[in-house]
Amino acid sequence: GAVVSQHPSRVICKSGTSVKIECRSLDFQATTMFWYRQFPKQSLMLMATSNEGSKATYEQGVEKDKFLINHASLTLSTLTVTSAHPEDSSFYICSARESDYEKLFFGSGTQLSVL
Amino acid sequence: GQNIDQPTEMTATEGAIVQINCTYQTSGFNGLFWYQQHAGEAPTFLSYNVLDGLEEKGRFSSFLSRSKGYSYLLLKELQMKDSASYLCAVKEQDSWGKLQFGAGTQVVVTP
């Protein structure tokens, strides 16, 4: 099946710093990628839809200036958490869909801990 | 938007059968997915239903009734490794096909 690679798997940073998370589709082209956030024992909350070559579409309540999304190519989307604070500590997961198939494939996730 | 409801937790013994129900209220529907997620890991795809009826795949089966806004995931011959969270997700009827997830059902399999 299709593979989505997400990096890094875990990051610990100081409050106020920025963190970049990469999401790559390894064996298919993904015109659309999705970014989710998951707090402990809660479900995945969609943050934004990332479209190659255009601006991301953010869900209600998600700050676009804080969570910068760049989908520069058909195989790469990045999420940058700017000026991270402890409340941003969460599990961030990207997902991508092959254009001709229905199911989403998920990256392995990034556990962000902001001190 | 979507309103997706599923039980918080279910416990069953090894070898038994468990049925996880999911109800949804949606302004647009374009399919329902079930994913399995182990703690600290990304979700893995289990099933997809877009038409009414039962889809069987090995020990796992999924059912959909669009008129009732209802789906269930049936896990048969439970194994210890099936202990995980099971997420019901509805695909929206938009150009991107984004998924909205329920809160997940934690299944605990006991010996």
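Predicted model only: the values in this text are computed from it and were never measured.

**Here we look at the side chain of A:His71**
Residues and elements named next belong to chain A. Note that histidine 71 resides in strand S7 (residues 67-73). In this structure the side chain of histidine 71 is engaged in a polar contact, spanning 2.8 Å, whose partner is the side chain of serine 50. Separated by 3.2 Å, the side chain of histidine 71 and the backbone oxygen of serine 73 make a polar contact. Residues within four places of histidine 71 in sequence aside, it is in contact with Ala30, Thr31, Thr32, Met33, Ser50, Asn51, Glu52, Gly53, Leu76 and Ser77.

**What to know about the interface of chain B and chain A**
Every contact between the two is made by 21 residues of chain B and, on the other side, 21 residues of chain A. Regarding the contact of chain B and chain A, the summed buried area is about 1600 Å², with carbon and sulfur atoms giving 57% of it. In this structure, the connection of chain B to chain A is made through one salt bridge. Between B:Lys98 and A:Glu59 there is a salt bridge, with the nearest N and O atoms lying 2.7 Å from each other. Here chain B is connected to chain A by five residue pairs in polar contact (both at pLDDT 80 or more). Its residues assigned to classes, the side of chain B that touches chain A shows 11 nonpolar, seven polar and three charged.

**Observations regarding the nonpolar core**
Residue and element names in this part refer to chain A. One finds Val4, Trp35, Phe67, Leu79, Tyr92 and Leu112 to be the most contacted residues of the largest nonpolar core, which totals 26 residues. Counting residues per element, the ones that place at least two in this core are strand S2 (10-13), strand S3 (19-25), strand S4 (32-38), strand S5 (45-51), S7, strand S8 (76-81), strand S9 (90-97) and strand S11 (110-114). When sequence neighbours within four positions are dropped, the list of residues in contact with valine 4 reads Cys23, Arg24, Phe28, Cys94, Ala96, Phe105, Phe106, Gly107 and Ser108.

**A look at the state of the cysteines**
By definition, a disulfide links two cysteine residues through a covalent bond between their sulfur atoms. Under the definition given, this model contains two disulfides over all chains. The partner cysteine of A:Cys23 in its disulfide is A:Cys94, sulfur to sulfur 2.0 Å. Torsion about the S-S bond of the A:Cys23 and A:Cys94 cystine: about 80°, corresponding to right-handed handedness. Taken together, the residues span a long stretch of sequence, with A:Cys23 in strand S3 and A:Cys94 in strand S9 at a distance of 71 residues. Here A:Cys23 matches A:Cys94 in class, with each residue buried. Each sulfur of the disulfide joining B:Cys22 and B:Cys88 lies 2.0 Å from the other.

**A closer look at the sheet that holds S7(A)**
Residue and element names in this part refer to chain A. The four strands lie next to each other as S1-S3-S8-S7, forming an open sheet whose pairing is antiparallel. Two strands close off the open sheet at either side, each with one partner strand: strand S1 (4-7) and S7. With direction set aside, neighbouring strand axes in the sheet form an average angle of 15°. Looking at chain direction, S3 and S8 are connected through six bridges and run antiparallel. In the strand pairing of S8, glutamate 22 is matched with threonine 78.

**Section: the environment of A:Ile21**
Residue and element names in this part refer to chain A. Mapping isoleucine 21 onto the fold places it in strand S3. Along the primary structure isoleucine 21 and arginine 10 are separated by 11 residues, whereas in three dimensions their C-alpha atoms are 9.8 Å apart. For isoleucine 21, the residues in contact, after removing those within four places along its chain, are Gln6, His7, Pro8, Trp35, Ser77, Thr78, Leu79, Tyr92 and Thr110.

Reading the values: the criteria
Residue numbering note: each chain is counted from 1, following its sequence as written. Lettering for chains starts from A, numbering for ligands starts from 1, and both go in the order in which the items are written. Local features in this predicted model are restricted to residues whose pLDDT is 70 or higher, and side-chain atom pairs enter the listing and the counts only when it is 80 or higher, whereas totals over whole chains, interfaces and linings include all residues. Water and hydrogen atoms were dropped before computing side-chain values, which therefore reflect all heavy atoms in the structure. Working definition: helices are DSSP H or I runs of at least four residues, strands are E runs of at least two. Numbering for both runs from the N terminus. We define a polar contact as two N or O atoms separated by no more than 3.5 Å, with the added condition that, inside protein, one atom must be a possible hydrogen donor and the other a possible acceptor, whereas residues neighbouring each other in sequence contribute only through side-chain atom pairs. Contacts are assigned to residue pairs that have any heavy atoms within 4.5 Å of one another. Defined in terms of a 1.4 Å probe, buried area is the accessible area two parts forfeit on being brought together, summed over both. Salt-bridge detection follows one rule: a side-chain nitrogen of Lys or Arg within 4 Å of a carboxyl oxygen of Asp or Glu. Throughout, the ten residues Ala, Val, Leu, Ile, Met, Phe, Trp, Tyr, Cys and Pro are labelled nonpolar, Asp, Glu, Lys and Arg are labelled charged, and all others, Gly among them, are labelled polar. We define a nonpolar core as any set of buried Ala, Val, Leu, Ile, Met, Phe, Trp, Tyr and Cys residues linked to one another through side-chain atoms lying within 4.5 Å. Type-normalised accessible area, obtained with a 1.4 Å probe on protein chains alone, sets the label of each residue: buried when under 20%, exposed when over 50%, and partly exposed for intermediate values. In what follows, a disulfide is any cysteine sulfur pair within 2.5 Å. In this analysis, strands are considered paired if DSSP registers two or more bridges between them. Here, axes are lines fitted to C-alpha atoms. For helices the fit covers the stretch in contact, and angles between N-to-C directions go from 0 to 180 degrees.

Any functional reading would require information that these geometric values do not contain.
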